[in-house]
Amino acid sequence: GIAGGCGITPFRSIAKSIVEGILDIDLILFYGCNKKEDIIFYNEYKELEKNSDGKFKVVYVLAEEDLEGFEQGFITSDLIRRYTDIEKKSFFICGPQGLYNFIDKELVKENIERKFIRKEVFGEIKDIEKYEGFPQDATEERFNVKVHIGDDSKTIPAKATESLLVALERAGLCPPSGCRSGACGLCRSLLIDGNVYIPKDVDGRRMADIQFGYIHPCSTFPVSDVEMIVSREA
Ligand code: FES
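What you see is a predicted model; the values in this text were computed from it and never measured.

(A) Representation of the pairing of strand β5 (residues 91-94) in the model. Judged from the two bridges that link them, strand β1 (residues 2-4) and β5 form a sheet pairing that is parallel. By the bridge assignment, I2 is partnered in β5 with I93. Bridge count for β5 against strand β6 (residues 117-119) is three bridges, and the pairing is parallel. The residue bridging F91 from the neighbouring strand is I117, located in β6. One crossover worth recording links β5 to the parallel β6 by way of helix α4 (residues 97-109), and it is right-handed.

(B) Region of the structure containing the sheet that holds strand β8 (residues 152-159). Strand order in the open sheet made by the five strands is β8-β7-β13-β9-β11, with mixed pairing throughout. Across the chains shown, the open sheet's two edge strands, defined by having one partner strand only, are β8 and β11 (214-215).

(C) Local environment of a nonpolar patch on the surface. A cluster of nonpolar side chains, contributed by I22, L23 and I25, occupies part of the molecular surface with about 260 Å² of accessible area. The residue I25 is located in the loop between α1 (9-19) and β2 (27-33) in this model.

(D) Structural context of the sheet that holds β6. Sheet architecture is open: six strands sit in the order β4-β3-β2-β1-β5-β6, paired in parallel fashion. The sheet is open, and its two edges are formed by β4 (71-72) and β6, each paired on a single side. Of the pairings in the sheet, the one linking β2 to strand β3 (residues 56-62) comprises seven bridges and is parallel in character. Considered in β3, the bridge of F30 is made with V59. Packed onto the sheet, helix α2 (residues 42-50) meets β2 and β3 and runs at close to 145° relative to β3.

Cut-off values and rules
Residue numbering note: each chain is counted from 1, following its sequence as written. A pLDDT threshold of at least 70 governs which residues receive local features in this predicted model, and a stricter bar of 80 or more applies before side-chain atom pairs are shown or counted, although totals over entire chains, interfaces and linings include all residues. Heavy atoms from the whole structure form the basis of all side-chain values; hydrogens and water molecules are not counted. Here a strand pair is declared whenever DSSP counts at least two bridges between the two strands. Labels follow the DSSP assignment, with helices taken as runs of H or I lasting at least four residues and strands as runs of E lasting at least two, numbered in each case from the N terminus. By definition, the crossover connecting two strands over a helix is right-handed if that path, from the first strand to the second, turns clockwise as seen with the strands pointing away from the viewer. Residues forming no salt bridge and having over 30% relative accessible area are the ones grouped into patches, like charges within 9 Å of each other and nonpolar side chains (Val, Leu, Ile, Met, Phe, Trp, Tyr) within 5 Å. The protein chains shown are the only cover counted for residues, whose accessible areas, like all others here, come from Shrake-Rupley with a 1.4 Å probe. Criterion for a salt bridge: a side-chain nitrogen of Lys or Arg within 4 Å of a carboxyl oxygen of Asp or Glu. Any two residues having at least one pair of non-hydrogen atoms within 4.5 Å are treated as being in contact. Axes here refer to lines fitted to C-alpha atoms; in helices the fit is confined to the stretch in contact. Angles between the N-to-C directions go from 0 to 180 degrees.

Below you can see the structure in the form of C-alpha cells.
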C-alpha cells in the first residue's frame with residue numbers, strides 16, 4: 001500500500017482485518033508525510049504491526065525531516081525495492097493528487113502493469129479556474145484560513161485554486177470527508193467570515209445550510225482570508 005497524508009485512513013480497516021485474521025494478505029504500507037508530527041494514527045499502527053505476526057508493516061517516509069527509524073525523501077520505486085520485490089506485488093494507493101502523479105511515474109518506470117495498480121477514486125474538483133464565475137484575478141492568490149477544530153484554533157495557508165479541504169489536509173487537519181466533490185455533506189463546516197467561490201454545479205448544500213453559512217470545504221475555494229469551524233477529525 002502507498003498512502004499520503006489523510007490517505008492513510010482506508011488502510012486502517014485493512015490492517016485491522018489482517019490482525020483479526022479476517023484478511024489473509026501481507027501488507028507493507030509506505031506512508032508519506034512532510035514531518036513526523038503529521039503522521040496520523042502512529043501509535044495505533046505500531047500496535048497493529050506488533051500484533052500482526054509480521055503480516056503488516058508501515059514504512060514512514062518523511063519529506064522534510066531526517067530522523068532515525070524513518071525514511072527520508074519520497075516514495076520512489078528504489079525505496080519500495082528496498083523493502084519488497086516490486087514485480088510480484090499489487091499496489092493500492094490513496095492520497096492527494098500529487099502523490100498519484102508521482103507514484104504513477106515511479107511505477108511506470110518499473111513496467112508495473114496497470115492491472116496491479118489500484119487507486120482510491122476521489123471525485124476531487126480539478127482546474128477550478130476553468131469553472132464559470134471563478135474570479136480569475138484570484139488564480140495566483142494565497143490566503144490565510146483561520147480554522148477552529150474542537151478546542152483548537154489554527155491559521156493555515158490556502159491557495160485560491162485548491163479546495164479548503166485540500167488546504168486543511170495539507171495542514172494535517174483531517175475533517176471527515178467522503179465524496180470530495182460537494183455531494184455527500186460529510187465535510188460540512190461553518191463559514192464564519194470571508195469570501196469563497198463554490199461552483200454552482202457541484203454545490204450539494206441544502207437550502208437551510210446555505211442560509212446559515214454552512215459550506216462543503218471539498219467544493220469551496222477561498223477568494224479572501226477565511227475563518228471557519230470544521231468538525232473534529234474522522
Ligand atoms: S466530502 Fe462529500 S461533500 Fe465534502
